[in-house]
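Coordinate analysis (summary)
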Amino acid sequence: MRKYGMPERINEEIFIAMGKALDFIDPDKLSMTVVLTAMNRFINEADGSQTAFLDGNPPERLCKPIKERVEQNGGQVVCSCPVVEIKLNDEDDLVQYLKLANGTHVTADYYVSAVPVDVFKRLTPARWSAKPYFRQLDELEGIPVINIQLWFDKKLNSVDGLCFSRSPLLSVYADMSTCCEEYANDDRSMLELVFAPCSPDAGSPVNWIAKSDDEIVEATMLELERLFPLEIGPNAEDERKASLVKSTVVRVPRSVYAATPGRNKYRPSQESPIENFVMAGDYVSQKYLGSMEGATLSGKLAAEVICDKAMGRKNRNGIKDVFSTVIYGLDGKEKVFAEREPVGIVGQGPVAYGGGQQGGVEHS
């Protein structure tokens, strides 16, 4: 940006906030491709710059309707029983079945992985690990992020929408009492915030994800004193001063993949070299970034691959070429990868499978 004479004010007031919101890492670590991709969407798509909220909590307003739709069409949704092994045929590399935590075997015509990249790498069968298509995933790694919910005893002077922050600790935030029907309240605010970057790997000088809930909430409140100086903190007027009533802290040690320079070329296609196995997830190749939008589009593209296979058609995107540095060494010779046994999943909680772990603290 400096090369082309972009004013420093544009960088400080727009791109830093955008960068933190788009990938939860220090903007100096972020690939400029991420910001330019987002700007392209904003400019060329009618609704590209809009943000929207569910009208309630995700389990009820997102997951439940999907589950009901699957079951209405004869499918089955199995909960609390994750995949622990991808079992292959002895004679080829096709998937024979998926082994679940309770020992059940699930067989199907086609199998789709929609788990985060860090989880999939722990499940990748040994014979697949020697294939460049799967070995390129070594270049992708999820980054930590913290989500915080704060309940106040008064209504803050907030806006109806998602706010991007230039704060060194906060990425984006919203007053859910204004933005979301389920939390609607004219008298009290409930802020939901993304605390990022939150680890040294992501560009933070402090390893916040290892801190206690109290320390994280305290640091967040200090930042909010700057954002809401008339309502939070020692300078707030008594009649407007809002006090914290309750808080929750959710840590996600591995969230979206770190979009550092050069990562985009290692994102795999939905179609894989395994005939009955298809990839999905926000890190898989599609026009959006590592995000819910990207995950949704990736799932749609994965469904197209399955439909094309079932109909005997060639998929319009096909298998994406693996970048040359994955296949060839510095000497120009093709690399030979040794097989790696899957390390498997350690633990039973949500964090083990790429989710977030909630902690909470009550304030009197």
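Along each chain, numbering runs from 1 in the same order as the chain's sequence is written. Whole-chain, interface and lining totals are the exception, using all residues; otherwise, since this is a predicted model, local features are given only for residues with pLDDT of at least 70 and side-chain atom pairs are given and counted only at 80 or more. Side-chain numbers here rest on the full set of heavy atoms in the structure, without hydrogens or water.

Alignment of strand β1 (residues 83–88) against strand β2 (residues 95–100), held across five bridges, turns out to be antiparallel. Bridge pairing in β2 places L88 opposite V95. Here a strand pair is declared whenever DSSP counts at least two bridges between the two strands. Think of it this way: any DSSP run of H or I at least four residues long counts as a helix, any run of E at least two long counts as a strand, and we number them from the N terminus. In this antiparallel pair of consecutive strands, β1 and β2, the connection spans six residues. For β2 and strand β3 (residues 105–106), the ladder comprises two bridges, and the chain directions are antiparallel. If you follow K99 over to β3, its bridge partner there is H105. Linking two consecutive strands that pair antiparallel, namely β2 and β3, is a turn of four residues; a positive phi of about 90° is found at G103 within it.

With that out of the way, let us pick up the confidence of the model for the protein chain. Confidence in the prediction for the protein chain averages 89 pLDDT; 97% of positions are at 70 or higher. The pLDDT value tells you how sure the predictor is about a given residue, anywhere from 0 up to 100. Element-level pLDDT for the protein chain is lowest in strand β11 (residues 357–362), with a mean of 57, against a maximum mean of 98 in strand β10 (residues 277–279). Pairs of residues are marked as contacts when any of their non-hydrogen atoms sit within 4.5 Å. Counted against residues more than four places away or in other chains, residues 360–364, with its pLDDT under 50, gives 13 contacts.

In this section: the sheet that holds β3. In spatial order, the strands read β1-β2-β3; together these three strands make up an open sheet with antiparallel pairing. For this open sheet the edge positions go to β1 and β3, each flanked by a neighbour on one side alone.

One pair of aromatic rings is described through two measures. These are the centre distance and the angle between the planes. A pair of Phe, Tyr and Trp rings is counted when the ring centres sit within 6.5 Å of each other, with Trp represented by its six-membered ring. The angle between the planes then sorts it: under 30 degrees is stacked, over 60 is edge-to-face, the rest tilted. Within the structure shown, the criterion is met by eight aromatic pairs. Pairing Y173 with F228 gives two aromatic rings, centres 6.3 Å apart and planes at 70°, and the pair type is edge-to-face. Of the two residues, Y173 is situated in strand β7 (residues 170–175) and F228 in the loop between α8 (213–227) and β9 (244–252); the sequence distance between them amounts to 55 residues. Each member of the pair Y173 and F228 is classed as buried. Within the aromatic cluster, the residues linked to one another by ring pairs are F120, W128, Y133, F134 and F277. Whether a charge sits over a ring comes down to the Lys NZ or Arg CZ being within 6 Å of the ring centre and within 35 degrees of the ring normal. Geometry around W151 places K246 over its ring, the cationic atom sitting 4.6 Å from the centre. Geometry around F323 places K265 over its ring, the cationic atom sitting 5.0 Å from the centre. Three labels apply to residues, based on accessible area from a 1.4 Å probe with only protein chains included: buried if under 20% of the type maximum, exposed if over 50%, partly exposed otherwise in between.

Two side chains that carry opposite charge are able to pair once their charged atoms sit near each other. A pairing counts as a salt bridge when a side-chain nitrogen of Lys or Arg comes within 4 Å of a carboxyl oxygen of Asp or Glu. For the structure on display, the rule yields 16 salt bridges. With a closest N to O distance of 3.8 Å, K64 and E60 form a salt bridge. With K64 and E60 both in helix α3 (residues 58–72) and four residues apart, this pair spans about one turn of that helix. On the basis of relative accessibility, which here comes to 40%, the residue K64 falls in the partly exposed class. Given a relative accessible area of 43%, E60 falls into the partly exposed group. Members of the salt-bridge network, linked through shared partners, are D93, R127 and K131.

Throughout, nonpolar core names a set of buried Ala, Val, Leu, Ile, Met, Phe, Trp, Tyr and Cys residues whose side chains join them through atoms within 4.5 Å. Counting 48 residues, the largest nonpolar core has I86, V95, F120, W128, F277, M279 and Y283 as the members making the most contacts within it. Counting only elements with at least two residues in this core, the list comes to α1 (8–23), α2 (32–44), β1, β2, α4 (117–123), α6 (132–135), β10 and α10 (324–327). Excluding residues within four positions of it along the chain, W128 makes contact with I86, L88, D93, V95, F120, F134, I274 and F277. With 25 residues, the next largest nonpolar core counts F152, L191, L193 and M221 among its residues.

Together, L54, L62, I66, V70, V77 and M292 give the surface a local cluster of nonpolar side chains, amounting to about 480 Å² of exposed area. Among the elements that take part in the nonpolar patch, α3 stands out by supplying three residues, more than any other. Within the secondary structure, M292 sits in helix α9 (residues 292–311). According to the relative accessible area criterion, M292 is exposed, its value standing at 62%. Each patch is built from residues lacking any salt bridge and having more than 30% relative accessible area; the joining distance is 9 Å for like charges and 5 Å for nonpolar side chains (Val, Leu, Ile, Met, Phe, Trp, Tyr). Residue burial considers only the protein chains on display, and all accessible areas are found by Shrake-Rupley using a 1.4 Å probe.

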